[in-house]
Amino acid sequence: MEPRRLRFPLLLVVVVLACGSCGAQDAPNATVPARFACMVPTPCDTYVVYRTQSPGFLTLGVISDLFGVSRAMIVSANNLTTKDGVLLPDQPLLVPVKCGCTGNSSFANITYPIQSGDTYYALALTAFENLTSYGLVQELNPDAPANKLEIHQEVTLPLFCRCPTPAERADGVLKHITYLWRPVDDMDGVSKLMNASTQAIADANNVTTDFTSTAAIPMLIPVSQRPQLPPLQYSASTRDSGAGKRSPAGVTIAVSVAVTFVAFAALCMAVFAYRRYRRRDKATVHLGNRFAANPRLCWNHKDFHSSSSIARMINKGGDKLLTSVSQFIDKPIIFGTEEIMEATMNLDERCRLGTSYYRAKLDGEVFAVKPAKGDVSAEMRMTQMVNHASLIKLAGISMGADGEYTFLVYEFAEKGSLDKWLYQRPPSSLSMPSPSSPVDTLLWNQRLGIAFDVANGLLYMHEHTQPSMVHGDVRARNILLTADFRAKISNFSVATPATLDAAATSSDVFAFGLLILELLSGRRAMEARVGAEIGMLWRDIRAVLEAGDKRDAKLRKWMDPILGGVYHLDAALSLAGMARACTEEDASRRPKMADVVFSLSMLVQPLPVGDAFEKLWQTSSDENIGIVNEVAAR
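Let us look at the structure shown here. These figures come from a predicted structure and were not determined experimentally.

## Observations concerning the overall build of the chain
And step 1. Counting its secondary structure elements, the chain contains 21 helices and 19 strands.
And step 2. For the chain, the proportion of its 634 residues judged to be buried stands at 52%.
And step 3. Within the chain, contacts between residues separated by at least 24 positions form 72% of all contacts whose residues are at least 6 apart in sequence.
And step 4. Roughly 28400 Å² of accessible area belongs to the chain as shown, and the carbon and sulfur atoms make up 54% of that amount.

## Side note on the environment of R447
And step 1. By the secondary structure assignment, R447 is in helix α14 (residues 444-463).
And step 2. Exposure remark for R447: the relative accessible area of 3% places this residue in the buried category.
And step 3. Spatially, the C-alpha atoms of R447 and L520 are 8.0 Å apart, while their sequence positions differ by 73 residues.

## Observations regarding the packing of aromatic side chains
And step 1. On inspection of all chains with the given rule, the structure shows 13 aromatic pairs.
And step 2. Taken together, Y50, F57, F67, Y112 and F128 form an aromatic cluster joined through their ring pairs.
And step 3. R359 extends its terminal NZ or CZ atom over the ring of F412, reaching a point 5.6 Å from the ring centre.

## A few points about unusual backbone geometry
And step 1. Positive phi, normally seen in glycine, also occurs at M345, with a value near 55 degrees.
And step 2. Within the secondary structure layout, M345 lies in the loop between α11 (337-343) and β8 (352-353).
And step 3. Although it is not a glycine, N346 adopts a positive phi angle of roughly 60 degrees.
And step 4. Here N346 shows up in the loop between α11 and β8.

## Here we look at the pattern of salt bridges
And step 1. One pass over the structure, following the stated rule, counts 14 salt bridges.
And step 2. In this structure, the salt-bridge partner of R352 is E349, at a minimum N-O distance of 3.0 Å.
And step 3. Look at R352 and you get partly exposed, because its relative accessible area is 29%.
And step 4. Residue K420 pairs with D419 through a salt bridge whose shortest N-O separation is 3.5 Å.
And step 5. Take K420: its relative accessible area is 29%, and that puts it in the partly exposed class.

## Focus: the environment of N130
And step 1. Along the polypeptide, N130 turns up in the loop between α3 (120-127) and α4 (134-140).
And step 2. Take N130: its relative accessible area is 17%, and that puts it in the buried class.
And step 3. A C-alpha to C-alpha distance of 7.1 Å links N130 and A216, two positions 86 residues apart in sequence.
And step 4. With residues up to four places along the chain from it excluded, the contact list for N130 reads A124, L125, L180, A216 and P218.

## Quick look at the nonpolar core
And step 1. Core analysis: the largest hydrophobic core is formed by 124 residues, its most contacted members being F67, L418, W444, V454, F512, L555 and L600.
And step 2. A total of 11 residues in this core trace back to one element, the largest contributor, which is α14.
And step 3. If sequence neighbours within four positions are ignored, L418 has contacts with L442, I450, A476, I479, L481, L515 and L519.
And step 4. Within the second largest apolar cluster, 21 residues are counted, among which are A77, A202, M219 and I221.

## Some remarks on the sheet that holds strand β10 (residues 365-373)
And step 1. If you trace the six strands from one edge of the open sheet to the other, you get β7-β11-β12-β10-β9-β8, paired in mixed fashion. This sheet does not close on itself; its edge strands, each paired only once, are β7 (333-334) and β8.
And step 2. In terms of strand pairing, β8 meets strand β9 (residues 357-362) through two bridges, oriented antiparallel. Paired with L353 across the bridge in β9 is Y357.

## Points about the sheet that holds strand β16 (residues 487-489)
And step 1. Ordered in space as β13-β15-β16, the three strands form an open sheet in which the pairing is antiparallel. Two strands close off the open sheet at either side, each with one partner strand: β13 (416-417) and β16.
And step 2. As paired strands, β13 and strand β15 (residues 479-481) are joined by two bridges and run antiparallel to one another. Looking at the pairing, S417 lines up with L480 of β15.

## Thoughts on the packing of helix α16 (residues 537-545) against helix α17 (residues 551-558)
And step 1. The interhelical angle for the contact between α16 and α17, taken along N-to-C directions, is 150 degrees, at an axis separation of 8 Å. Between α16 and α17, the crossing angle belongs to the class labelled roughly antiparallel. Touching L537, D540, I541, V544 and L545 of α16 are R551, K554, L555 and W558, all from α17.
And step 2. Grouping the constituent residues of the contact of α16 with α17 by class yields six nonpolar, no polar and three charged.

## Quick word on the state of the cysteines
And step 1. Within the structure shown, the criterion is met by three disulfides.
And step 2. A sulfur-sulfur distance of 2.0 Å marks the disulfide that ties C44 to C163. Across the S-S bond linking C44 and C163, the dihedral sits near -95 degrees, which makes this disulfide left-handed. One end of the pair, C44, is in strand β1 (residues 44-51); the other, C163, is in the loop between β4 (154-160) and α5 (166-170), with 119 residues separating them in the sequence.
And step 3. Using a relative accessible area of 9% as the deciding quantity, one classes C44 as buried.
And step 4. A relative accessible area of 3% means that C163 is categorised as buried.
And step 5. Between C99 and C161 runs a disulfide, and the two sulfur atoms are separated by 2.1 Å.

Basis of the calculations
Residues numbered from 1 in each chain as written. Predicted model: local features only at pLDDT ≥ 70, side-chain atom pairs only at ≥ 80, totals over all residues. Heavy atoms only, no water. Helix = DSSP H or I, 4+ residues; strand = E, 2+ residues; numbered from the N terminus. Buried < 20%, exposed > 50% of the residue type's maximum accessible area, 1.4 Å probe, protein only. Contact = heavy atoms within 4.5 Å. Areas by Shrake-Rupley, 256 points an atom, 1.4 Å probe, with all protein chains shown as cover. Phe/Tyr/Trp six-rings, centres within 6.5 Å; stacked < 30°, edge-to-face > 60°. Lys NZ or Arg CZ within 6 Å of the ring centre and 35° of its normal. Salt bridge = Lys/Arg side-chain N within 4 Å of Asp/Glu carboxyl O. Core = buried A, V, L, I, M, F, W, Y, C linked by side-chain atoms within 4.5 Å. Pairing = 2+ DSSP bridges. Axes fitted to C-alpha atoms, helices over the stretch in contact; angles between N-to-C directions. Parallel < 35°, antiparallel > 145°, perpendicular 65-115°, else oblique. Nonpolar A, V, L, I, M, F, W, Y, C, P; charged D, E, K, R; others polar. Disulfide = S-S within 2.5 Å.

Without other data, these values stay purely geometric and don't point to any function.
As structure tokens, this is what we get:
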């Protein structure tokens, strides 16, 4: 599949989406992967691997309540010395579960009381980290429709698991542990972590020993003994406080002292920063001959002069802190203006990344620096509110002269912006394609992964932030690509909280549909054509999909020629249908990003799972037309 993103083997949770908010809702028809079939009728004790996650799932108390097991059982399973303390995020933890047969499948059925704000989708995807699927949850809870959940109502959450067969036990398999295969996982790494052979893992999941995946998927790890996972790391406050409990009064005093100390320290830092800026030379930044040998600069060159008007404006006045961003001073790192100017060669064109960013090496690490004029508090507030792998992260700030300019320092995306790969490609790439030639364009699987990343980022903004957020400027130039072509949404300058109107996020959905069309065609959503005609991809795709018997041929001709036909036509049809639904003129008929993410999660999987979903957004039959219409109507 794709180089990295969400690597999934056979998640095989095939859920046919149906109308969720208008009228009655039929339970999805969920298919369970063959590896989780009921092969042993007798229940067994086993484990699932759960990763601590922030916020909310960093203590044994919360995790034990989630799974309905005691903290003592988790302590015993992981050889811990205490039940207390706050754990650091992203640490694997063995959670004991009872696995048994439900129908023809094997599940560890967890009884969970619905809390305020819970949805089946959020529970499956976030709280239980894809150890189940929301389609299965709906199917196993016919008396608890997804659109009528009540607080404290108990529902059953089926976690994927399986007991070893007699033949497997004879071969030394003690347990099958359910492990969520992540985008960064490979066979060797999981084998070492779980103390299981790569061949045994491959055999249990019907994959090869070099297996990778592009989506997070539950897998079986056959073990002959309980694995010894890495020692858990606790937060600094936990380490300092020790394992014992404190009295409420002691906690209150400690918190008061800590808050006072932090406030005093922040005040001292602010005063120090202000004095530091005031002491600096108020003329230009003098780099002199240090430039040639300084490894911090974005480009090694002996002669340097600034032709940037922005640089001249920044250098002509004194530095001072911007009061509009002072509330964020304790969150990102504060860089000096001199550091930024030195690292970007006074914002030299040779350091430019796209239209808005500059490459800079600060403290040995490469960042993308964005000069911003005026009040940037809104953008900073937005970047501080969100924390998701598909959203670019703010690493630091620097205040320019006289408060006119602020430098926003973001994490660096090595491959630049998506627009450069789609419609600003080097001429050498236009005569392709040849599988043996150097890759200077996007392959089909990479395009699928990019779409999935962007959809996940938008879903997070729409449904998992408080308040819900609308990005407002989803376009190729604002999608940045990392070294392994994972996509990150950037530029939150026009992001706003969603209004009470349920259709507030539909503008992002429309823009995402346009992005899909650009990924498919390699062209801009709007482009000048022969004469005075303005081409619009969302209109073109309707003509393609409504071409009857000529649809397939028209789509092949419409697709990006640089792909050279190296893609699955059914998947391309599904994406085209998805884009058409997203770009409906009637905003109320556009799908939610949750629907889009779910469909894409199926498409990025290896065959044969993706086959079941490649037709989800197609309209080649009355049945599929009904599915698309129901989804679009939500």
